[in-house]
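# Topology and contacts: notes
Take a look at the letters that make up each chain.
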Amino acid sequence: MNRNYMHDNWFELNHPEKIDSPALLVYLDRARKNIDKVIQEVGAAHRLRPHVKTNKSAEACQLMIDAGITAFKGATIAEIELLASVGAKDVLLAYQPVGPKIDRFLALVANYPEVKFKCLIDHVDAAKPLNEKLLEAGLGIGVYIDLNAGTNRTGIAPGAAAEELFEELVAMEGLNPVGFHLYDGHLRDPDLQKREEACDAGFAPIAQMREKLEKKHQVTLDVIAGGSTTFPFHSKRERITCAPGTFIYWDEGYASGLPEQSYEYAALVLCRVVSLPTSNYVCVDLGYKAIASENPLNNRVKFLNAPDLEPVSHSEEHLVLEAKEGHSYKIGDVLYGVPIHICPTVASYQEALVIQEGEQIASWRTIARDRRITF
């Protein structure tokens, strides 16, 4: 087998023959190191509200709680139910609940009265039915106004429109506007200075708006800002809560796109050579059911112990790679791959196999990959 490693062999298992493939591996010590690093990056655990979309498991969330992180966010009802079930006390549904999701959300709120649940709002037409159902249930929650900082995905523009929405929310008895939510993950310029300048420019009107509303209403408003590409910039500001998620496992997409950040790969996919269909083709069992595949074919996985292999085709259960003529790959060879995009890759696996010192020591169920756990 090709031993031309790009790095050392930290990722190799002592007994890979015990693990069926494809498999998701989580390297426990590296995940813990990444958690410690992100806390150090922002200055204190209370300045974080990590997104759990990356890990989706109770045990990974518990690692962050054990490190002193108390506030979290998730994008689905399952993700925030997971957080409540492991004892998180401040949980944001980073999504605007619409339709039946309102009922599911409020059932969860009622079932965990000790948890401070919040959600996002970006339009009065979404706020009204939520407020009505809260009042019917005798409940009240805090809400963050979701701001559109340029992703054009969700949110309302900072300034007059957001200020008007704030006033409308203040008038609703079941909703308490506690601040603003900003995701500016579209800022990915590889030039660090340009990315920071764009981040600062996008935040300036938000800072002005917050100051104006705080003076008018005599309140203190929180701002949740930044994903992986921008949270280090936002962490330099006062009274900002940072909300990255990928840091816990990291991936090749961010490792190559954000070279200034030194988080470690803490989750890999293990696969095997299952066929040698031609003299220079190697087929592995890493189909697009086992690795995030929204990117072009050549940008889905990087093999740490087989950097010479080039993908040529991908299907549900197979990834065909081209090797040099005369290669030494054999059926049964184990490859260790870094996903380009770890979050949807994790969601492809029922469980993550936890690795420490080359041995599997546990398995973590990816419980929040389900759309529904209980509620």
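Just above, that's the structure.
Quick summary incoming for the structure in this document. (Residues numbered from 1 in each chain as written. Predicted model: local features only at pLDDT ≥ 70, side-chain atom pairs only at ≥ 80, totals over all residues. Heavy atoms only, no water.)

### What about the nonpolar core?
Which entries qualify depends on this criterion: Buried residues of nine kinds, namely Ala, Val, Leu, Ile, Met, Phe, Trp, Tyr and Cys, make up a nonpolar core once their side-chain atoms join them within 4.5 Å. Only protein chains enter the accessibility calculation, which uses a 1.4 Å probe. A residue is then buried if its area is under 20% of the maximum for its type, exposed if over 50%, and partly exposed in between. Here, residues are in contact when the closest pair of their heavy atoms is within 4.5 Å.
With 115 residues, the main nonpolar core has Leu25, Phe105, Phe117, Leu130, Tyr249 and Leu286 as its most contacted residues. Not counting residues up to four positions away in its chain, the partners in contact with Leu286 are Pro22, Val269, Cys271, Ile291, Val301, Phe303, His314, Glu317, His318, Leu319 and Tyr349. Core analysis: the next-biggest nonpolar cluster, separate from the first, contains seven residues, Leu92, Ala94, Val178 and Ile224 among them.

### Looking at the pattern of salt bridges
Put simply, the test is: Salt bridges are counted wherever a side-chain nitrogen of Lys or Arg sits within 4 Å of a carboxyl oxygen of Asp or Glu. By definition, any uninterrupted DSSP run of H or I lasting at least four residues is a helix, any uninterrupted run of E lasting at least two residues is a strand, and each is numbered from the N terminus.
Tallied over the entire structure, the rule returns 18 salt bridges. The closest approach of N and O atoms between Glu167 and Lys216, which form a salt bridge, is 3.0 Å. Here Glu167, found in helix 6 (residues 160–170), pairs with Lys216, found in helix 7 (residues 192–217); they are 49 residues apart in sequence, far enough to count as distant. We note a salt bridge from Lys302 to Glu252, for which the minimum N-O separation is 3.2 Å. Of the two residues, Lys302 sits in strand 11 (residues 301–303) while Glu252 sits in helix 9 (residues 252–257), which places them 50 residues apart along the sequence.

### Some words on empty space enclosed by the protein
Inclusion rule: Using protein atoms alone on a 1 Å grid, points that fit a 1.4 Å probe yet trap it form a cavity, whereas open point sets bounded by protein on both sides within 12 Å along at least five of seven lines form a pocket; residues with an atom within 4 Å of a point count as lining. Grid points are joined across faces, edges and corners, and a volume is the space filled by probe spheres set on the points. Gly falls in the polar group here, along with every residue not listed as nonpolar (Ala, Val, Leu, Ile, Met, Phe, Trp, Tyr, Cys, Pro) or charged (Asp, Glu, Lys, Arg).
For the structure on display, the rule yields one cavity of 30 Å³ or more. Each pocket or cavity is described by its volume, and for the largest cavity that value is around 30 Å³. Leu24, Asn55, Ser57, Tyr249, Val346, Ala352, Trp364 and Thr366 are the residues that line the largest cavity. Across the lining of the largest cavity, the residue classes tally to five nonpolar, three polar and no charged.

### Focus on the environment of Glu238
Relative to the helices and strands, Glu238 is located in the loop between helix 8 (231–234) and strand 8 (240–242). Given the relative accessible area of 68%, Glu238 is considered exposed. Distance in space between the C-alpha atoms of Glu238 and Arg47 is 10.0 Å, their sequence separation being 191 residues.

### A closer look at the layout of surface pockets
Estimated volume of the largest pocket: approximately 1,200 Å³. Among the secondary structure elements, those contributing two or more residues to the lining of the largest pocket are helix 3 (77–85), strand 5 (141–147), helix 9, strand 11 and helix 10 (342–346).

### Considerations on the sheet that holds strand 4 (residues 116–121)
For clarity, the cut-off: The pairing criterion is simple: DSSP has to find at least two bridges between the two strands. A fitted line through C-alpha atoms represents every axis, and for helices the fit uses only the stretch in contact; the resulting angles, taken between N-to-C directions, go from 0 to 180 degrees.
Ordered by their spatial adjacency, seven strands build an open sheet running 2-3-4-5-6-7-8, and the pairing between neighbours is parallel. Edge positions in the sheet fall to strand 2 (71–74) and strand 8, since each of these pairs with one other strand and no more. Between one strand axis and the next, the sheet turns through 30° on average, direction left out of account. Across four bridges, strand 2 lies against strand 3 (residues 90–93) in parallel orientation. The residue bridging Ala71 from the neighbouring strand is Asp90, located in strand 3. Running at roughly 165° to strand 5, helix 6 makes contact with strand 4, strand 5 and strand 6 (175–182) of the sheet.

### Quick look at the packing of aromatic side chains
To keep it simple, the criterion reads: Pairs were defined over the aromatic rings of Phe, Tyr and Trp, the Trp ring being its six-membered one, requiring ring centres within 6.5 Å. Orientation was assigned from the angle between planes: stacked under 30 degrees, edge-to-face over 60, tilted for the rest. Charges are assigned to positions over rings by a cutoff of 6 Å between ring centre and Lys NZ or Arg CZ, combined with an angular limit of 35 degrees from the ring normal.
Here the structure, examined in full by the defined rule, presents eight aromatic pairs. Ring centres 5.2 Å apart and planes at 50° place the aromatic pair Phe11 and Tyr336 in the tilted group. Here the residue Phe11 occupies a position in the segment before strand 1 (23–27), and Tyr336 occupies one in strand 14 (residues 334–339), the gap between them amounting to 325 residues. By the burial criterion, Phe11 is buried, and Tyr336 matches it. Linked through ring pairs, Trp10, Phe11, Tyr27 and Tyr336 together constitute an aromatic cluster. Above the ring of Trp10, the side-chain terminus of Arg30 is found at 3.5 Å from the ring centroid. One cation-aromatic arrangement involves Lys37 over Tyr263; the distance from NZ or CZ to the ring centre is 5.3 Å.

### A few points about the side chain of Glu81
Keep this limit in mind: Two N or O atoms count as a polar contact when they lie within 3.5 Å, although within protein this holds only if one can serve as hydrogen donor and the other as acceptor, and sequence-adjacent residues are included solely when both atoms are side-chain atoms.
Here Glu81 lies in helix 3. Of note is the side chain of Glu81, whose polar atom sits 2.7 Å from the side chain of Thr374. Setting aside its immediate chain neighbours within four residues, Glu81 contacts Leu108, Ile373, Thr374 and Phe375.

### As for the packing of helix 6 against helix 7
Under the convention used in this document: For any pair of crossing helices, the crossing counts as left-handed if the nearer helix is rotated counterclockwise from the farther one by less than a right angle, and right-handed if it is rotated clockwise.
Relative to each other, helix 6 and helix 7 sit at 35°, their axes nearing to 11 Å. With respect to the hand of their crossing, helix 6 and helix 7 are arranged in right-handed fashion. Residues Ala162, Glu163, Phe166, Glu167 and Val170 of helix 6 form the contact with helix 7, whose own contacting residues are Met209, Lys212, Leu213, Lys216 and His217. Residue composition of the contact of helix 6 with helix 7, grouped by class: five nonpolar, one polar and four charged.

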